[in-house]
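# Tertiary structure, described
Now for the letters of each chain:
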Amino acid sequence: MKVFQEAGLPDGVVNFIPGQGSVIGKVITGSRDLAGFHFTGSTSTFNTLWRQIGENLGHYKSYPKIVGETGGKNFIFAHPSAPALDVATAIVRGAFEYQGQKCSAGSRAYIPASLWKEVKDYVGDMLKEIKMGDVQDFTNFVNAVIDEASFDNIMSYIDYAKQSPDAEILFGGNGDKSVGYFVEPTVIQTTDPMFKSMVEEIFGPVITIYVYDDAKYEETLELCDRTSPYGLTGSIFACDRYAIDKAFNTLRYSAGNFYINDKPTGAVIAQQPFGGSRASGTNDKAGGPLNLIRWTNPRCIKECLVPPTSYGYPFLGEK
């Protein structure tokens with residue numbers, strides 16, 4: 001805000017209001033002048049805000065425009081033709097950058113049995129090198145999660161996996177909040193494609209792997225599509241173009257931002273518009289012209305230079 005002010009932006013064009021979201025949200029949605037609401041956050045919070053707006057419809061001067069970018073359960077899907085190193089790199093970068101605290105972070109992965117050992121070894125080698133610590137040291141790839149509530153929530157999923165007969169912690173699995181809320185990059189393998197950490201958003205450095213039979217590629221694509229209520233981001237890795245096309249069509253409604261042979265995260269504003277549908281929001285593509293148009297209020301003007309002087313039209317004649 002200080003930078004905006006120094007650049008000459010007049011006061012009142014943008015207002016910065018720090019505070020608890022639940023308190024500020026009620027004030028905003030209760031205002032008669034509310035014209036629009038652009039939200040980024042959790043699905044449950046967005047649902048609450050939309051409900052509040054709906055309950056106040058009769059109070060507003062006009063119908064508010066609502067845009068939301070909410071949760072995600074983003075996938076990385078490898079075909080047997082995919083290079084194992086590419087897949088492993090996408091898993092480590094996609095799941096553990098920013099401690100997984102990105103709505104687009106990779107959170108579940110589907111790996112064919114023929115590639116699994118090689119992918120697993122590569123991921124393990126990378127995690128041995130990764131440093132975790134203070135953000136001021138740029139050599140640290142992983143830092144602390146945002147607060148204690150987030151730490152406790154993330155660790156609850158890890159502890160659940162540790163106690164489940166359907167899952168195994170392959171890497172990481174430890175947390176320490178004695179000097180900061182640090183959670184190790186954690187890789188879970190499960191035999192249940194509907195395992196809790198394959199379905200629910202975690203928002204932390206945790207990814208769950210499901211290893212599938214190579215012969216069940218198409219069947220597993222359909223499984224990926226119906227596993228999560230979200231539809232934010234996802235990526236497919238393959239060298240087989242037919243396999244890519246199959247994934248592209250099967251997962252058409254699974255990800256608003258779909259990546260081919262790249263991690264499912266890292267969209268750059270003004271270069272790659274971002275958004276997702278289903279439980280991930282209204283998919284209005286922030287960072288692009290489609291989103292900007294949502295906030296315009298068109299006004300059409302007609303000026304008649306030769307006004308008619310008779311009410312009748314030619315078709316009203318008898319002949």
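First things first, this report covers the structure right here in the doc.

## Some remarks on the overall build of the chain
- Scanning the chain from N- to C-terminus turns up 10 helices and 13 strands.
- For 319 residues, the compact-globule estimate of 2.2 N^0.38 gives 20 Å, and the C-alpha radius of gyration of the chain, at 25 Å, exceeds that figure by more than 25%.
- Expressed as lengths along the three principal axes of its C-alpha atoms, the size of the chain is roughly 85 × 55 × 35 Å.
- Counting across all 319 residues of the chain, residues that qualify as buried make up 43%.
- Sequence-distant contacts, at least 24 apart, represent 70% of the contacts inside the chain between residues at least 6 apart.
- By element, 54% of the accessible surface of the chain is carried by carbon and sulfur atoms, the whole surface being about 18200 Å².
- Where the 29 positive side-chain charges of the chain centre and where its 36 negative ones centre are 8 Å apart.

## Considering a nonpolar patch on the surface
- Together, Met1, Phe4, Val13, Val14 and Phe16 make up a nonpolar patch on the protein surface, roughly 490 Å² of accessible area in all.
- Following the sequence through the fold, methionine 1 ends up in the segment before helix H1 (2-6).
- Using a relative accessible area of 36% as the deciding quantity, one classes methionine 1 as partly exposed.

## Thoughts on the sheet that holds strand S5 (residues 167-171)
- Judged by pairing direction, the sheet is mixed, and its seven strands sit side by side in the order S5-S8-S9-S4-S3-S11-S12 without closing on themselves. Two strands lie at the open edges of the sheet, namely S5 and strand S12 (257-260), each paired on one side alone. Each adjacent strand pair in this sheet contributes to an overall mean axis angle of 20°, direction not counted.

## A closer look at helix H3 (residues 43-55)
- The first and last C-alpha atoms of H3 sit 18 Å apart over 13 residues, in line with the 18 Å expected at 1.5 Å per residue.
- Taken residue by residue, H3 has Thr43, Phe46, Leu49, Gln52 and Ile53 as its buried positions.

## Re the environment of aspartate 11
- Structurally, aspartate 11 is set in the loop between H1 and helix H2 (21-29).
- Looking at aspartate 11, the relative accessible area reads 68%, which means it is exposed.

## Focus on the packing of aromatic side chains
- Summed over the entire model, instances satisfying the criterion amount to 11 aromatic pairs.
- Pairing phenylalanine 248 with phenylalanine 258 gives two aromatic rings, centres 5.9 Å apart and planes at 80°, and the pair type is edge-to-face. Of this pair, phenylalanine 248 sits in helix H9 (residues 241-250) while phenylalanine 258 sits in strand S12, and the two are 10 residues apart along the sequence.
- The rings of Phe77, Tyr110, Tyr210, Tyr212 and Tyr217 are connected pair by pair, giving a single aromatic cluster.
- Geometry around tyrosine 157 places lysine 196 over its ring, the cationic atom sitting 5.1 Å from the centre.

Parameters at a glance
- Residues numbered from 1 in each chain as written.
- Predicted model: local features only at pLDDT ≥ 70, side-chain atom pairs only at ≥ 80, totals over all residues.
- Heavy atoms only, no water.
- Helix = DSSP H or I, 4+ residues; strand = E, 2+ residues; numbered from the N terminus.
- Rg over C-alpha atoms; globule rule 2.2 N^0.38 Å.
- Buried < 20%, exposed > 50% of the residue type's maximum accessible area, 1.4 Å probe, protein only.
- Contact = heavy atoms within 4.5 Å.
- Areas by Shrake-Rupley, 256 points an atom, 1.4 Å probe, with all protein chains shown as cover.
- Lys, Arg positive; Asp, Glu negative; His and termini not counted.
- Charge placed at Lys NZ, Arg CZ, Asp CG, Glu CD.
- Patch = residues over 30% accessible without salt bridge, like charges linked within 9 Å, V, L, I, M, F, W, Y side chains within 5 Å.
- Salt bridge = Lys/Arg side-chain N within 4 Å of Asp/Glu carboxyl O.
- Pairing = 2+ DSSP bridges.
- Axes fitted to C-alpha atoms, helices over the stretch in contact; angles between N-to-C directions.
- Expected span 1.5 Å × (residues − 1).
- Phe/Tyr/Trp six-rings, centres within 6.5 Å; stacked < 30°, edge-to-face > 60°.
- Lys NZ or Arg CZ within 6 Å of the ring centre and 35° of its normal.

All we've got here are geometric facts, nothing functional implied.
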